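Each chain, letter by letter, is given below.
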Amino acid sequence: MNAIQKISATLSFDIAAVPTDLVIGGVWREGRGGDRLDVIDPSTGSKIADVANASVEDAMDAVAAAHAAAPGWAATPPRKRSEILRRCFELMVERKDMLAELISLENGKALSDAQGEVAYAAEFFRWFSEEAVRLNGEIYTAPSGANKIVVEHQPIGIAVLVTPWNFPAAMATRKIAPALAAGCTCVLKPATETPLTAYALAQIYAEAGVPNGVVNVITTGRSGATVSAMLHDPRVRKLSFTGSTEVGRRLLREAADTVISCSMELGGNAPFIVFDDADLDKAIEGAMVAKMRNGGEACTAANRFFVQKGILDAFSSRLTERMGAMTVGAGYDAQTQCGPVINLDALERIEGLVRDAEERGATTLTGGKRQERDGFYFPPTVLRNVPVDAKITREEIFGPIAAIASFETEDEVIERANNTEYGLISYVFTEDLARGMRVCEKLDSGMVGLNRGLASDPAAPFGGTKQSGLGREGSHHGILEFCETKYIAVSW
């Protein structure tokens, strides 16, 4: 029995039934170059499938398909668009088990995390199905009284959507749903590490009634060339990107050539602040969610743990106990609590961050070394007394590592928390509401979890400050990212 057969025996669906070709204008097809991209299971290191590798010409075909479909989709009544999005939500819920297993298979995340992702991803379709019929404008009298001011929101145009591997369903639906609700057509380029989820979802969109060409999906090993070509096509008017700050900077430079509207959800270096008066049980539960959701492979993951000295020993001991007891294994094994990281490069990078912290004086309380087995496994790890000059305090970890440092005063921890180029999310734990709100307001991040380890919600504006991004996803703000605001001066 080969690797694929062994894996298939543990799943409730047939891997071979998942489409692996580009979908352009409603047609599934090979890339023009004819070569394919391997998809690797991080839990075993084995190949599980291969997908089409789009060329620049394929990308241009996808833009042309989106352009051809744009007038009809923009003219589709909001209620009709709403009903199609609602059907996407319903189909995702119906197939939640298959989608969760598929995500675990190609991403490596624990099945429980994958199930949570599917529910979260589907919710964007339900939320934006409701927003589609509430894209309200404005009308008011000019201060001079000379005319009326009429404001309406129109679809911005063709959108290029570039998504990462860590949430292959949610990062796609968080962009596709508002784009479609606003009346835009799009080209999705998912990460090559996790393309199968994007193609499985494309089947769902078609079944739900999304017209041909409205959502086009291309996978490519030539990301730089294909995305650049699309951004320099005058028909493309929107870029929505989720990924690293480094890549985001490059894309912003590319988009500047044609002054494309950009929404950028970039990296994070989230502080997790625990004051002496925090409820320890609540803080530990919040830490486990903020750190270990998705195995730490999330831009919202808690990176830097700042714990006030009076509670440092108790917090460190409890967190070490919880993280050290987690079951590490294949993502699609129902017993697994922490799956593998995405690939060998990630494994080596994480290990390097731990070694650097140890060399600079940090103490490893649990974990700290990769597991010698097939796949890409690094156990949940707790580091204490992490010095300020350690790389792990400045870089996005993207792995199951909790780096703990102590602090004494409120002003000190605010300064240290804000001392980063990132500003996506922060976490604060205290039983003093006045202190909590005061600290939340002073933290330079787009989101704050106050006595909560999870803040993401389709109904809330997701996004960061500084080099963590531009714009917001989710909430009513999310649909406006895909709109142009038009003002009409009129007298009657």
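Residues numbered from 1 in each chain as written. Predicted model: local features only at pLDDT ≥ 70, side-chain atom pairs only at ≥ 80, totals over all residues. Heavy atoms only, no water.

*Asks:* Would you mind going over the sheet that holds strand β6 (residues 148-155) with me for this structure?
*Replies:* Picture the strands of a sheet paired through backbone hydrogen bonds; they go either parallel or antiparallel. Reading across from one edge, β5-β6-β20 is the order of the three strands in this open sheet, with antiparallel pairing throughout. Where the open sheet ends on each side, the last strands, each with one partner, are β5 (138-141) and β20 (483-490). For this sheet the average axis-to-axis angle between neighbouring strands, irrespective of direction, equals 20°. Where β5 and β6 come together, four bridges link them in antiparallel fashion. Each residue of the ladder has a partner; that of Glu-138, found in β6, is Val-151. (Pairing = 2+ DSSP bridges. Helix = DSSP H or I, 4+ residues; strand = E, 2+ residues; numbered from the N terminus. Axes fitted to C-alpha atoms, helices over the stretch in contact; angles between N-to-C directions.)

*Asks:* Could you clarify how one ought to interpret the packing of helix α5 (residues 111-131) against helix α6 (residues 170-182) in this entry?
*Replies:* A pair of packed helices is characterised by two quantities: the angle between their axes and the separation of those axes. α6 packs onto α5 with a crossing angle of 5° between their chain directions and a minimal axis gap of 8 Å. Looking at the two axes, α5 sits roughly parallel to α6. Counting all contacts with α5, which are made through Glu-117, Tyr-120, Ala-121, Phe-124, Phe-125 and Phe-128, the residues of α6 involved are Ala-170, Thr-173, Arg-174, Ile-176, Ala-177, Pro-178 and Ala-181. Broken down by class, the residue content of the contact of α5 with α6 amounts to ten nonpolar, one polar and two charged. (Parallel < 35°, antiparallel > 145°, perpendicular 65-115°, else oblique. Contact = heavy atoms within 4.5 Å. Nonpolar A, V, L, I, M, F, W, Y, C, P; charged D, E, K, R; others polar.)

*Asks:* Even after reading the chapter, I still don't get the sheet that holds strand β18 (residues 447-450), so can you show me in this structure?
*Replies:* Across the sheet, seven strands lie side by side as β14-β15-β16-β13-β12-β17-β18; this open sheet has mixed pairing. For this open sheet the edge positions go to β14 (363-366) and β18, each flanked by a neighbour on one side alone. Across the sheet, the axes of successive neighbouring strands diverge by a mean angle of 25°, strand direction being ignored. As paired strands, strand β17 (residues 425-429) and β18 are joined by four bridges and run parallel to one another. Directly across from Val-428, in β18, lies its bridge partner Leu-450. Across the sheet, helix α11 (residues 309-324) is in contact with β12 (270-274), β13 (302-308), β14, β15 (381-384) and β16 (401-407); its angle to β13 comes to roughly 140°.

*Asks:* Quick question: what am I supposed to make of the environment of Gly-221 here?
*Replies:* Relative to the helices and strands, Gly-221 resides in the loop between β9 (215-217) and α8 (223-231). Residues Gly-221 and Phe-378, spaced 157 residues apart in sequence, show a C-alpha to C-alpha distance of 27 Å. Ignoring any residue separated from it by four or fewer positions in sequence, one finds Gly-221 in contact with Leu-37, Asn-53 and Thr-192.

*Asks:* Before we go on, may I ask you to explain the pattern of salt bridges in this structure?
*Replies:* Between side chains of opposite charge, a pair can form when the charged atoms approach closely. Using the criterion set out here, one finds 38 salt bridges in the structure. Between Asp-389 and Arg-360 there is a salt bridge, and its shortest N-O distance comes to 3.3 Å. With Asp-389 in the loop between β15 and β16 and Arg-360 in the loop between α12 (344-359) and β14, this residue pair connects regions lying 29 residues apart in the sequence. Residue class for Arg-360 comes out partly exposed when judged on its relative accessible area of 37%. (Salt bridge = Lys/Arg side-chain N within 4 Å of Asp/Glu carboxyl O. Buried < 20%, exposed > 50% of the residue type's maximum accessible area, 1.4 Å probe, protein only.)

*Asks:* Please explain the nonpolar core as it appears in this structure.
*Replies:* Across soluble globular proteins, you tend to see nonpolar side chains buried next to one another. Membership of the largest hydrophobic core comes to 130 residues, with the highest contact counts inside it found for Ile-176, Leu-180, Leu-239, Phe-272, Phe-315 and Leu-319. The contact partners of Leu-180, leaving out residues within four places of it in the chain, are Trp-73, Arg-81, Leu-85, Cys-186, Val-210, Val-214 and Val-215. In terms of nonpolar packing, the next biggest core, distinct from the first, is built from 21 residues, Trp-165, Ala-362, Leu-383 and Ile-397 among them. (Core = buried A, V, L, I, M, F, W, Y, C linked by side-chain atoms within 4.5 Å.)

*Asks:* It is not clear to me how the packing of aromatic side chains should be interpreted in this structure. Could you clarify?
*Replies:* Each aromatic ring pair is summarised here by two numbers: the centre-to-centre distance and the angle between the ring planes. According to the stated counting rule, one finds ten aromatic pairs in the structure shown. With a centroid separation of 4.9 Å and an interplanar angle of 25°, the aromatic rings of Phe-272 and Phe-429 are classed as stacked. Of this pair, Phe-272 sits in strand β12 while Phe-429 sits in strand β17, placing them 157 residues apart in sequence. For Phe-272, a relative accessible area of 0% translates into the label buried. Geometrically, the ring pair formed by Phe-305 and Phe-315 is tilted, given 6.2 Å between the ring centres and 40° between the ring planes. Remark: Phe-315 occurs in helix α11 and Phe-305 occurs in strand β13; sequence separation between them is ten residues. An identical accessibility class is assigned to Phe-305 and Phe-315; each is buried. (Phe/Tyr/Trp six-rings, centres within 6.5 Å; stacked < 30°, edge-to-face > 60°.)

*Asks:* What is the right way to look at the pairing of strand β3 (residues 36-41) in this model?
*Replies:* Across a regular strand the side chains alternate sides, sitting on one face of the sheet and then on the other. Along β3, the buried face is formed by Leu-37, Val-39 and Asp-41; none of Arg-36, Asp-38 and Ile-40, which line the opposite face, is buried. Strand direction decides the pairing type here: β3 and strand β4 (residues 46-52), joined by six bridges, are antiparallel. Looking across to β4, one finds that Val-39 is bridged to Ala-49. Taken together, β3 and the strand that follows it, β4, pair antiparallel across an intervening segment of four residues, in which Gly-45 is found at a positive phi of about 80°.

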